[in-house]
Amino acid sequence: MAFDFKVADLSLAEFGRKEIRLAEHEMPGLMATRAEYGPSQPLRGAKIMGSLHMTVQTAVLIETLVALGAEVRWVSCNIFSTQDHAAAAVVVGPDGTPDDPKGVPVFAWKGETLEEYWWCTEQALTWPGGDGPNMILDDGGDATLLVHKGAEYEKAGAVPAPESADSEEFAVVLRLLGASLAADPQKWTNIAARIKGVTEETTTGVHRLYEMQRDGKLLFPAINVNDSVTKSKFDNKYGIRHSLPDGIMRGTDVLIGGKVAVVCGYGDVGKGAAEALRGQGARVVVTEIDPINALQAAMDGYQVTVLEDVVETADIFITTTGNFNIITADHMTRMKHQAIVGNVGHFDNEIDMAGLAKVPGIQKIEIKPQVHEWRFEDGHSIIVLSEGRLLNLGNATGHPSFVMSNSFTNQVIAQIELFTKPAEYPTGVYVLPKILDEKVARLHLDALGVKLTTLTKEQAAYIGVDVAGPYKSDQYRY
Ligand code: NAI
């Protein structure tokens, strides 16, 4: 075997390749990026470690990075989100066979344990020959976290005891870093020193980056891809509008129409979730902590109230906050029989799954993978999707290609920016210039038959912009 990798089954590669071929047509931004930058190879010399859901859409992203000259190693950023046929196709590559893979090393399969998940992340960060990675492409910040924590503990000369961790998952990270410190006390320090930058995909990962910047702990520059308008106002909203009902339906096949559905959080993801559930005929109730978002939800026609008011009567509960302990074990105990509970925020702690498992007399019954009935002592039960993790990726296949083409075109442009212009990005967190954001949108107009109006010179002067853009100030909110 030419290179190291670990996926479920390479014989799925042919199916994966067929779906990648269809997805390429639906990802005009990425394909245009290949055509524009392919000849100049701006990512030659880039060794990119990617930690982002290993789906068919991500396969098109990976192969775009390779087409621009990069060497790549990849993992999923969630234990349930890998599409095994996509992972196999990426390893085999367009020119390889399952017996002679010629693609990209991927370490990901659907249904990893937490130990396997973090092992995979370490593998993708461990470059053969030790001269990489020099770039990270992250989703949720786990790869960035591992490098930062590893370097921090190496500097301190010790890793905290796993028993001191505030979650089962962080205990796994501490065990991994403890073993790595014993084997090589400079491993993460050396990796951190080589990294030129990270491009971060999602709201939760971006929060982590700004926190590290605030605390003076950020070790390399970062581009916040999430806050490109063509990412968060599209993927988070229209992507969820598609993949949330898809996940609920594939998981449960319950009719959404007529049900009362609660959406916790009315940010970009919450807006898409509420719209989708209303589109299916549900009566949607929103919970919010921010008066602006709460008012938006009310103006959009939703009832806005506290969870306590509806916990015993609603049928479907979806968390979208990026915050923790939104639905507690006590809430779940009080829900009506066969209420459906799911999360589409980045991490699984929006729903207190650990607390649920500790309810006296509770029974967990697997209906099928990623769909569990939790039966309480009194005989009533609730249905939890994807064990409280991203249900749109665990129970369905995540966002569709067209919307991910917008997000991933931002990712590719951000990788090129950080890799080729290090002097312009000293350590800190940046967003892409608006002109590039507009470029990403422009690349997706033709496919939808959109005809754009061109400003006259006089009109451009009147509103104070260039005919070619950017058309809005950085304060504009869309
Ligand atoms: P956002 O910041 O726009 O929205 C979150 C909203 O939740 C905010 O309006 C906030 O006020 C509200 N909130 C916070 N605590 C709350 C509480 N206790 N109760 C009720 N509301 C509360 O963030 P965005 O972009 O909507 O992302 C939300 C989460 O979804 C993040 O974790 C993000 O990483 C993730 N995400 C998931 C995707 C998926 O495919 N499943 C796609 C994109 C983002």
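Residues numbered from 1 in each chain as written. Predicted model: local features only at pLDDT ≥ 70, side-chain atom pairs only at ≥ 80, totals over all residues. Heavy atoms only, no water.

As annotated in an unreviewed UniProt entry, the protein carries the name Adenosylhomocysteinase and is attributed to Marinactinospora rubrisoli. We quote the UniProt Pathway (unreviewed entry) comment for the protein here in full: "Amino-acid biosynthesis; L-homocysteine biosynthesis; L-homocysteine from S-adenosyl-L-homocysteine: step 1/1." Regarding the protein, the UniProt comment filed under Function (unreviewed entry) reads as follows: "May play a key role in the regulation of the intracellular concentration of adenosylhomocysteine." (UniProt positions renumbered as here; feature names shortened; annotations may be inferred.)

Student: Please give an account of the pattern of salt bridges that cites residues and values.
Tutor: In this structure the tally under the stated criterion is 25 salt bridges. A salt bridge links Arg334 to Glu308; the nearest nitrogen and oxygen atoms lie 3.0 Å apart. Separated by 26 residues along the polypeptide, Arg334 in helix α15 (residues 329–334) and Glu308 in helix α14 (residues 307–310) bring together distant segments of the chain. Look at Arg334 and you get partly exposed, because its relative accessible area is 27%. The partner of Glu373 in a salt bridge is Arg375, and the shortest N-O contact between them spans 3.9 Å. (Salt bridge = Lys/Arg side-chain N within 4 Å of Asp/Glu carboxyl O. Helix = DSSP H or I, 4+ residues; strand = E, 2+ residues; numbered from the N terminus. Buried < 20%, exposed > 50% of the residue type's maximum accessible area, 1.4 Å probe, protein only.)

Student: Any chance you could break down the environment of Gly16 for me, citing the residues and the numbers?
Tutor: Residue placement: Gly16 occurs in helix α1 (residues 13–25). Given a relative accessible area of 0%, Gly16 falls into the buried group. Each residue touching Gly16, except ones within four places of it in the same chain, is listed here: His85, Ala86 and Ala89. (Contact = heavy atoms within 4.5 Å.)

Student: Explain the packing of aromatic side chains to me, using residue names and the numbers behind them.
Tutor: For any pair of aromatic rings, geometry is given as the distance between the ring centres together with the angle between the planes. Per the stated rule, a full pass over the model turns up 7 aromatic pairs. For the pair Tyr266 and Tyr302, a centre-to-centre distance of 5.7 Å together with 65 degrees between the ring planes defines the contact as edge-to-face. Taken together, the residues Tyr266 in the loop between β7 (260–264) and α12 (268–279) and Tyr302 in the loop between α13 (291–299) and β9 (303–304) connect sequence positions 36 residues apart. Each member of the pair Tyr266 and Tyr302 is classed as buried. Directly above the ring of Trp109 sits Lys6, whose terminal nitrogen or CZ lies 5.1 Å from the centroid. Over the face of the ring belonging to Trp188 we find Lys187, whose NZ or CZ atom lies 5.2 Å from the ring centre. (Phe/Tyr/Trp six-rings, centres within 6.5 Å; stacked < 30°, edge-to-face > 60°. Lys NZ or Arg CZ within 6 Å of the ring centre and 35° of its normal.)

Student: So what about the side chain of Thr409? Which residues, and what values?
Tutor: Within the secondary structure, Thr409 sits in helix α18 (residues 401–420). One polar contact links the side chain of Thr409 to the main-chain carbonyl oxygen of Ser405, over a distance of 2.5 Å. Dropping the residues within four chain positions of it, Thr409 is found in contact with Gly29, Leu30, Thr33, Val440, Leu443 and His444. (Polar contact = N/O pair within 3.5 Å; in protein donor to acceptor, adjacent residues only side chain to side chain.)

Student: Before we move on, can you summarise the environment of Pro433 with the specific residues and values?
Tutor: Tracing the backbone through its elements, the reader meets Pro433 in the loop between β15 (429–430) and α19 (434–442). Using a relative accessible area of 36% as the deciding quantity, one classes Pro433 as partly exposed. Along the primary structure Pro433 and Asp474 are separated by 41 residues, whereas in three dimensions their C-alpha atoms are 9.0 Å apart.

Student: An account of the site of the ligand is requested, with residue identities and associated values reported.
Tutor: Near the ligand you find 27 residues, and of these Thr202, Thr203, Thr204, Val269 and Glu288 are the closest. At 3.2 Å from an oxygen atom of the ligand is found a main-chain nitrogen or oxygen belonging to Asp268. Take His399: an N or O atom from its side chain is 3.4 Å from an oxygen atom of the ligand. Calculation on the ligand without its partners gives an accessible area of 870 Å², and the protein chains cover 85% of this total. (Near = heavy atom within 4 Å. Areas by Shrake-Rupley, 256 points an atom, 1.4 Å probe, with all protein chains shown as cover.)

Student: Describe unusual backbone geometry, and please don't skip the residues or the numbers.
Tutor: Trans is the common state for peptide bonds, and a negative phi is the common state for residues other than glycine. Omega for the bond connecting Gly132 with Pro133 falls within 30 degrees of zero, at -5 degrees, which places this linkage in the cis form. Relative to the elements of secondary structure, Pro133 occurs in the loop between α5 (114–125) and β4 (135–138). Following Gly469, the chain continues to Pro470 via a peptide bond in cis, the omega torsion being 0 degrees. A positive phi angle, near 60 degrees, is found at Gln338, a position not held by glycine. Its location among the elements puts Gln338 in the loop between α15 and β11 (339–343). Positive phi is not limited to glycine here, since Ser386 has a value of about 50 degrees. By the element assignment, Ser386 lies in the loop between β14 (381–385) and α17 (391–394).

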